[in-house]
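For reference, the chains in residue letters:
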Amino acid sequence: MDATSEASYAEFVRTCWRDLVRAAIFLGASSHEAEDLAQQTLVRCYSNWERVTDATNRDAYVYRMLLNQLRDVRRTRWWRSRVDAEPDGKVDDASNRVVLTDAIHQALEGLSKPHREVVVLRYFVQLTEAQTAATLGISVGTVKSRLSRSLARLADSQHLSELSEERT
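Residues numbered from 1 in each chain as written. Predicted model: local features only at pLDDT ≥ 70, side-chain atom pairs only at ≥ 80, totals over all residues. Heavy atoms only, no water.

Q: In this structure, what is going on with unusual backbone geometry? I would like to understand it.
A: Glycine aside, residues mostly have negative phi, and peptide bonds are mostly found in the trans state. At Gln126, a position not held by glycine, the phi torsion is positive, near 65°. Position of Gln126 among the secondary structure elements: in the loop between α7 (113-124) and α8 (129-136). For Gln126, a relative accessible area of 63% puts it in the exposed group. (Helix = DSSP H or I, 4+ residues; strand = E, 2+ residues; numbered from the N terminus. Buried < 20%, exposed > 50% of the residue type's maximum accessible area, 1.4 Å probe, protein only.)

Q: Would you mind showing me how to read the packing of helix α2 (residues 31-47) against helix α4 (residues 58-75) here?
A: Packed helices, taken two at a time, are described by the angle between their axes plus the distance between the axes. Direction vectors running N to C along α2 and α4 enclose 125°, while the axes themselves pass 9 Å from each other. With respect to α4, the element α2 is oriented oblique. Where α2 crosses over α4, the two elements pack in a sense that is right-handed. Contacts between α2 and α4 involve Leu37, Ala38, Gln40, Thr41, Arg44 and Cys45 from the first element and Val62, Met65, Leu66, Gln69, Leu70, Asp72 and Val73 from the second. Partitioning the contact of α2 with α4 into residue classes produces eight nonpolar, three polar and two charged. (Axes fitted to C-alpha atoms, helices over the stretch in contact; angles between N-to-C directions. Parallel < 35°, antiparallel > 145°, perpendicular 65-115°, else oblique. Left-handed = near helix turned anticlockwise from the far one by under 90°. Contact = heavy atoms within 4.5 Å. Nonpolar A, V, L, I, M, F, W, Y, C, P; charged D, E, K, R; others polar.)

Q: Is there a simple way to explain the packing of aromatic side chains in this structure?
A: Under the counting rule described, the total for this entry stands at four aromatic pairs. Summarising the aromatic geometry, the rings of Tyr9 and Trp49 are spaced 5.3 Å apart at their centres and angled 85° between planes, so their arrangement reads as edge-to-face. Highlighted residues: Tyr9 in helix α1 (residues 3-26) and Trp49 in helix α3 (residues 49-54), separated in sequence by 40 residues. Of the residues examined, Trp49 reaches a relative accessible area of 4% and is grouped as buried. Ring geometry for Phe12 and Trp49: centres 5.3 Å apart, planes at 55°, overall tilted. One end of the pair, Phe12, is in helix α1; the other, Trp49, is in helix α3, and 37 residues separate them in sequence. Accessibility classification places Phe12 together with Trp49 in one group, the buried group. The structure contains a cluster of three or more aromatic residues connected by ring pairs, namely Tyr9, Phe12, Tyr46 and Trp49. Above the ring of Tyr123, the side-chain terminus of Arg122 is found at 5.7 Å from the ring centroid. (Phe/Tyr/Trp six-rings, centres within 6.5 Å; stacked < 30°, edge-to-face > 60°. Lys NZ or Arg CZ within 6 Å of the ring centre and 35° of its normal.)

Nothing here speaks to function; it is all geometry.
Quick look at the structure:
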């Protein structure tokens, strides 16, 4: 990779790291796993940097790589044998953030995997409907229908309604 490409890649990593980690968390990974997934995705980006830069929609291409990486990890036997809860030993004084994050995670877990992917990419990653469709390899109409159904389920989510009741 030449110096210009290296600089371009380094800037890309600086701008997208946080969003990749956040997307992985909302797709169901723990914070440590999300960082690993983001790192593995960026390694793949580095080794295929020419394809990434040539992609019509770079964000969709990279988030598709993240989804594929998550699916690969979940398919392995190692993943199935892991314990769900991984205490990190950190104390977070921002308990409101923890409560909010937990409520969002629990509400998203109530959605099927395809519906959760659409919600995360559209609202948390903030891809357009067309970018979301391209990332998932589905039509824009399918994105819209999945979003509609997902938002209805989230509106009825006990976890989110409990959260809103606590704040009033």
